[in-house]
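What follows is the residue order along each chain.
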Amino acid sequence: GAVVSQHPSWVICKSGTSVKIECRSLDFQATTMFWYRQFPKQSLMLMATSNEGSKATYEQGVEKDKFLINHASLTLSTLTVTSAHPEDSSFYICSARGLERSDNEQFFGPGTRLTVL
Amino acid sequence: KQEVTQIPAALSVPEGENLVLNCSFTDSAIYNLQWFRQDPGKGLTSLLLIQSSQREQTSGRLNASLDKSSGRSTLYIAASQPGDSATYLCAVGPYNTDKLIFGTGTRLQVFP
């Protein structure tokens, strides 16, 4: 149980285009989903916290107009990187926290490798 | 501001050794602490979750301890194997928040 998927697993796009990444909880309902970014040889940095049916909360320094987050259902959150540039190239990982869990455990997706040319 | 540090940054050992990975955090007001494993280019695999009221958790050859007052956690790996080679991340969940603050990671290589 507690499986989180991401789609696509990798994407290459041209500078200036927008890219949408999906995060799905497959076998549980997630009230909260989190989006992280990881640059090579660095740790994960939280970008934003997404709650179903409400606006996402962004961490300091993360542009909300550039990284659009939608959490339309209890099993799906999407991250759209708008007008992507090479510096946005990174590994994006989502996680989800279950509706029923009281221990705050997060379950992580396999990540999406974004390369902007 | 919570900061999480892991020592050593990298470790290379022969197969069979018992290992200790260290994680320290600056603010002891935490809800829980998790240890993860990350293989190159992959997502995270949760290894152990310790609640703030717990002192340790065990899973197979892995044992994680938590000393909240001193801001420390250790991950003990017994009888290491080449398949244990990966980056190990610890993450703390600050009190009264859903967030996880990740450490800098320890890159482990176990050679035959």
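Just above, that's the structure.
Described in the following lines is the structure provided in the data block. Bear in mind that the values here come from a model prediction, so they are computed numbers and not experimental data.

**Some details on the sheet that holds strand β7 (residues 62-67) of chain B**
Residues and elements named next belong to chain B.
Here is step 1 of the chain: Read from one edge to the other, the open sheet built from 5 strands follows the order β1-β3-β8-β7-β6, with strand pairing classed as antiparallel. Where the open sheet ends on each side, the last strands, each with one partner, are β1 (4-7) and β6 (56-59). Averaged over all pairs of adjacent strands, the angle between strand axes in this sheet comes to 15°, irrespective of strand direction.
Here is step 2 of the chain: Summarising the sheet, β6 and β7 pair through 4 bridges and their orientation is antiparallel. In the strand pairing of β7, T58 is matched with N63.

**Notes on the interface of chain B and chain A**
Here is step 1 of the chain: Counting residues at the interface gives 20 residues for chain B, matched by 20 residues for chain A.
Here is step 2 of the chain: Taken over both partners, the interface formed by chain B and chain A buries close to 1,600 Å², and the fraction arising from carbon and sulfur atoms is 49%.
Here is step 3 of the chain: Scanning the region where chain B abuts chain A turns up 1 salt bridge.
Here is step 4 of the chain: The residue E59 of chain A makes a salt bridge to K99 of chain B at a minimum N-O spacing of 3.0 Å.
Here is step 5 of the chain: Linking chain B with chain A are 4 residue pairs in polar contact (both at pLDDT 80 or more).
Here is step 6 of the chain: Elements with a minimum of two residues in the side of chain B that touches chain A: β4 (30-38) and β5 (44-51) of chain B.
Here is step 7 of the chain: Looking at which element gives the most residues to the side of chain B that touches chain A, the answer is β4 of chain B, with 5 residues.

**Observations concerning the sheet that holds strand β7 (residues 67-73) of chain A**
Residue and element names in this part refer to chain A.
Here is step 1 of the chain: Across the sheet, 4 strands lie side by side as β1-β3-β8-β7; this open sheet has antiparallel pairing. Looking at the sheet topology across the chains shown, the edges are occupied by β1 (4-7) and β7. Ignoring which end each strand starts from, the neighbouring axes of this sheet average 15° apart.
Here is step 2 of the chain: Relative to strand β8 (residues 76-81), strand β3 (residues 19-25) runs antiparallel, the two sharing 6 bridges. Residue pairing in the sheet places R24 in a bridge with L76 of β8.

**Some points on the side chain of Q38 of chain B**
Here is step 1 of the chain: Inspection of the secondary structure puts Q38 of chain B in strand β4.
Here is step 2 of the chain: In this structure Q38 of chain B comes out as buried when scored by relative accessible area, which is 8%.
Here is step 3 of the chain: One polar contact links the side chain of Q38 of chain B to the main-chain carbonyl oxygen of K42 of chain B, over a distance of 2.8 Å.
Here is step 4 of the chain: Those residues in contact with Q38 of chain B, other than ones at most four positions away along the chain, are Q38, L44, F91 and I93 of chain A together with G43, L44, A86, T87 and L89 of chain B.

**Comments concerning the packing of aromatic side chains**
Residues and elements named next belong to chain A.
Here is step 1 of the chain: Following the criterion strictly, the structure yields 7 aromatic pairs over all chains and no others.
Here is step 2 of the chain: Judged by centre distance (6.5 Å) and plane angle (40°), the ring pair of F67 and Y92 falls under tilted. Of this pair, F67 sits in strand β7 while Y92 sits in strand β9 (residues 90-98); the two residues are 25 residues apart in sequence, bridging distant segments of the chain.
Here is step 3 of the chain: Y92 gets classed as buried once you look at its relative accessible area, which sits at 0%.

So, how was this worked out
Residues numbered from 1 in each chain as written. Chains lettered and ligands numbered in written order. Predicted model: local features only at pLDDT ≥ 70, side-chain atom pairs only at ≥ 80, totals over all residues. Heavy atoms only, no water. Pairing = 2+ DSSP bridges. Helix = DSSP H or I, 4+ residues; strand = E, 2+ residues; numbered from the N terminus. Axes fitted to C-alpha atoms, helices over the stretch in contact; angles between N-to-C directions. Contact = heavy atoms within 4.5 Å. Buried area = accessible area lost by both parts, 1.4 Å probe. Salt bridge = Lys/Arg side-chain N within 4 Å of Asp/Glu carboxyl O. Polar contact = N/O pair within 3.5 Å; in protein donor to acceptor, adjacent residues only side chain to side chain. Buried < 20%, exposed > 50% of the residue type's maximum accessible area, 1.4 Å probe, protein only. Phe/Tyr/Trp six-rings, centres within 6.5 Å; stacked < 30°, edge-to-face > 60°.

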